[in-house]
Structure formats: structure tokens, C-alpha cells
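One letter stands for each residue in the lines below.
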Amino acid sequence: SNKIIKSLPQYGGQLSYPNQQSLFYLLALGNCFAGKADKALDHINQMLESYQKNTLEELHHYARLLQLLIHYELDNYELLPYLIASVKRILPKQTLQSTHLLITRLNQLLGAANKKESQSIYYAWAEEINQKELSKHESRFYEYLDLQYWLKKKNSL
């Protein structure tokens, strides 16, 4: 990923805006799920900083949700409530249940007293996704943001 990022300024003009945004998103997602949240933050910030209003709105929406996970991974617990409030303000009225669940569970994790309590929140979150078959009913969400994979990693810690 470092080679790709280093070559972006050189070849960035040759990539279309949607391709640049998609690349930043995928690099952020991959690094976040690989436990490299600091690198993920760099990529998601590059994406969000170069965002052109009214374009790629769906991808931008998921980038904002991924940004929440990245800041959680970085233990930015003081900043996260403000980011959550910001995301909540821009959510459309008809928001997926998985989005609401992500915000609710992150708020719960912020209030968790210890690792054991966090583990029970991860477990309950994964169970709720499975019980409500959210990955089936809201498959588009899980195509962009594979929370099941992330939660599986968190539950195995």
C-alpha cells in the first residue's frame, strides 16, 4: 500500500476522481482491519479532505462510518463522541438498522469500564447482526463495511 500511496501524486492525475476515492477507501478499510489504524486514518482523511460535494455520496457515507471505527481503534475516545454526533447530523432520515447499530454499539463501547465489558458488547453486536440477519437484509452495508469480520477479530482477542 505504501508504494501505491507514494505513486498517487505522480499518477493521481491519471486516475478519475471516483477511482481515487475508491482507492483511498479500500486502503483505509484494509489497514483498519489489518490492525494498522494509524495508516487507515491517513487514507480516510485524504479521502474525506478531497471530497467533492454531491458526488459518490454512498461511498462518502461509508467512509464517515469507517472513520468512526478507525478512531475507536486508535483509542481516540475523547474525539469519538463529537465525530458520532457529526455523523448522526448528516444521516438521512431512512438510515439502515446496521448504521444505527454501529453508532449505538460504539457509544456503548465508549462507556465500557473494562475489556470484559467491551468483549460482551462485541459479542452482543455480532449476535444482533446474526439474529436479525442484517448482513442478508442490508447486504450493501456489509459490502462496504464488513463489521462481521471486524467483530470476529475483536471477539477472538
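Preceding block: the structure.
Description of the structure in this document. Here the structure is a predicted model, which means the values were calculated and not measured.

What to know about the pattern of salt bridges
Next up, step 1: Throughout the structure, instances matching the rule amount to 5 salt bridges.
Next up, step 2: In this structure, Glu73 and Lys154 form a salt bridge, with 2.8 Å as the shortest nitrogen-oxygen distance. Note that Glu73 is positioned in helix α4 (residues 57–73) and Lys154 in helix α10 (residues 147–155), a separation of 81 residues in sequence.
Next up, step 3: Owing to a relative accessible area of 22%, Glu73 belongs among the partly exposed residues under this scheme.
Next up, step 4: Here Glu143 ties to Arg140 by a salt bridge, and the two come within 3.8 Å at their closest N and O atoms. In this pair, Glu143 and Arg140 are both assigned in helix α9 (residues 139–144), 3 residues apart and thus about one turn of the helix distant.
Next up, step 5: Classification of Glu143 as exposed rests on a relative accessible area of 56%.

Some thoughts on the packing of aromatic side chains
Next up, step 1: The final tally for this structure, using the stated rule, is 9 aromatic pairs.
Next up, step 2: Aromatic side chains Tyr62 and Phe141 sit 5.7 Å apart centroid to centroid with 70 degrees between the ring planes, which places their arrangement in the edge-to-face category. Taken together, the positions of Tyr62 in helix α4 and Phe141 in helix α9 put the pair 79 residues apart, joining distant regions of the chain.
Next up, step 3: Centroid distance Tyr62 to Tyr144: 4.4 Å. Interplanar angle 5 degrees. Geometry classified as stacked. With Tyr62 in helix α4 and Tyr144 in helix α9, the pair connects residues that are 82 residues apart, well separated along the chain.
Next up, step 4: Through a chain of ring-to-ring contacts, the aromatic side chains of Tyr25, Tyr62, Phe141, Tyr142 and Tyr144 assemble into a single cluster.

Describing the layout of surface pockets
Next up, step 1: Taken as a whole, the largest pocket spans an internal volume of roughly 210 Å³.
Next up, step 2: Every residue along the wall of the largest pocket is listed here: Tyr51, Lys53, Asn54, Glu57, Glu58, His60, His61, Arg64, Ile90 and Pro92.
Next up, step 3: Here the lining of the largest pocket gets 5 residues from one element, more than from any other, and that element is α4.
Next up, step 4: As for the second largest pocket, its lining consists of 12 residues, and the residues nearest its centre are Tyr72, Tyr77, Lys115, Ser118 and Tyr122.
Next up, step 5: Counting only elements with at least two residues in the lining of the second largest pocket, the list comes to α6 (97–110) and α7 (115–131).
Next up, step 6: A per-element tally of the lining of the second largest pocket places α7 first, with 4 residues.

Rules of the game
Residues numbered from 1 in each chain as written. Predicted model: local features only at pLDDT ≥ 70, side-chain atom pairs only at ≥ 80, totals over all residues. Heavy atoms only, no water. Salt bridge = Lys/Arg side-chain N within 4 Å of Asp/Glu carboxyl O. Helix = DSSP H or I, 4+ residues; strand = E, 2+ residues; numbered from the N terminus. Buried < 20%, exposed > 50% of the residue type's maximum accessible area, 1.4 Å probe, protein only. Phe/Tyr/Trp six-rings, centres within 6.5 Å; stacked < 30°, edge-to-face > 60°. 1 Å grid on protein atoms, 1.4 Å probe; cavity = no way out; pocket = protein on both sides within 12 Å on 5 of 7 lines; lining within 4 Å. Points joined across faces, edges and corners; volume = space filled by probe spheres on them.

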